[in-house]
Amino acid sequence: SWFDMEVLPLDSKTEPPLHGCCLSSAEASVKRLHARLDKMRASGIPSEKLVIGGFSQGGAMAMLSAMRYPHRLGAVICFSGILLDADRLSEIATPESKQVPIFWGHGEDDAILCPSLQELGVKRLEEAGFRVEARCYPDEGHEPMKQALADASRFLTSIFRAPAEPPASGKPSES
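Residues numbered from 1 in each chain as written. Predicted model: local features only at pLDDT ≥ 70, side-chain atom pairs only at ≥ 80, totals over all residues. Heavy atoms only, no water.

To continue, consider the overall build of the protein chain. On a plain count of helices and strands, the protein chain comes out with five helices and four strands. From first element to last, N terminus to C terminus, the protein chain shows the α and β order α-β-α-β-α-β-α-β-α. Within the protein chain, the proportion of its 175 residues that are buried is 45%. Restricting to contacts in the protein chain with at least 6 residues of sequence separation, those with at least 24 account for 71%. Accessible area of the protein chain: about 9,300 Å², with a carbon and sulfur share of 52%. (Helix = DSSP H or I, 4+ residues; strand = E, 2+ residues; numbered from the N terminus. Buried < 20%, exposed > 50% of the residue type's maximum accessible area, 1.4 Å probe, protein only. Contact = heavy atoms within 4.5 Å. Areas by Shrake-Rupley, 256 points an atom, 1.4 Å probe, with all protein chains shown as cover.)

Here's what the structure looks like:
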């Protein structure tokens, strides 16, 4: 796992602000993710083209890693996750991270990481100046969700869509 958890299921009232999650083990995982991102940047990939995301603990790690990363990433995708260190966002978030669009999908019937965690996390992110597209899916639990994947795909397409090129002659085409 990415980090230790004391108890499951979790909701927004479970031992705030960390909700029973071990921040020190999560911080060790952040260092590993940052090293991988740095390696990709060193290979010539602009950080603005890198997207990190995950499901459950992976989604939590994607958000925490993006908040602390000193370079602007392309986007963050979180499925059924939790926002770690939410009470310290103003301290830990880099100025670059506040420019990163976030997609957070969560199942309404998630009995492992309850939807109240998404509600609280989105509220804290928005209060700190982050742009979040949050979706809650009816009749979905703590599992990969087909509609959430489709919505995340549309989200990424809207971010990385290439601008339309003008016709070769430089004049608008007549139809």
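Now that the structure is up, let's keep going.
Further remarks concern the packing of helix H1 (residues 23–42) against helix H2 (residues 57–68). Where H1 contacts H2, the two axes come as close as 9 Å, and the packing angle between them is 70°. Accordingly, the angle class assigned to the pair H1 and H2 is roughly perpendicular. Crossing angle aside, the handedness with which H1 passes H2 is right-handed. Within the contact between the two elements, H1 uses Leu23, Ala26, Glu27, Ser29, Val30, Leu33 and His34 and H2 uses Met61, Leu64, Ser65 and Arg68. (Axes fitted to C-alpha atoms, helices over the stretch in contact; angles between N-to-C directions. Parallel < 35°, antiparallel > 145°, perpendicular 65-115°, else oblique. Left-handed = near helix turned anticlockwise from the far one by under 90°.)

Peptide bonds are trans in most cases, and residues, glycine excluded, mostly fall at negative phi. Phi is positive for Ser56, which is not a glycine, with a value near 60°. For Ser56, the position within the fold is in the loop between strand E1 (51–55) and H2. Given a relative accessible area of 14%, Ser56 falls into the buried group. In the Ramachandran plot, Ser80 falls in the positive-phi region, its phi being about 50° despite a non-glycine side chain. As for its placement among the helices and strands, Ser80 is situated in the loop between strand E2 (75–79) and helix H3 (89–92). On the basis of relative accessibility, which here comes to 0%, the residue Ser80 falls in the buried class.

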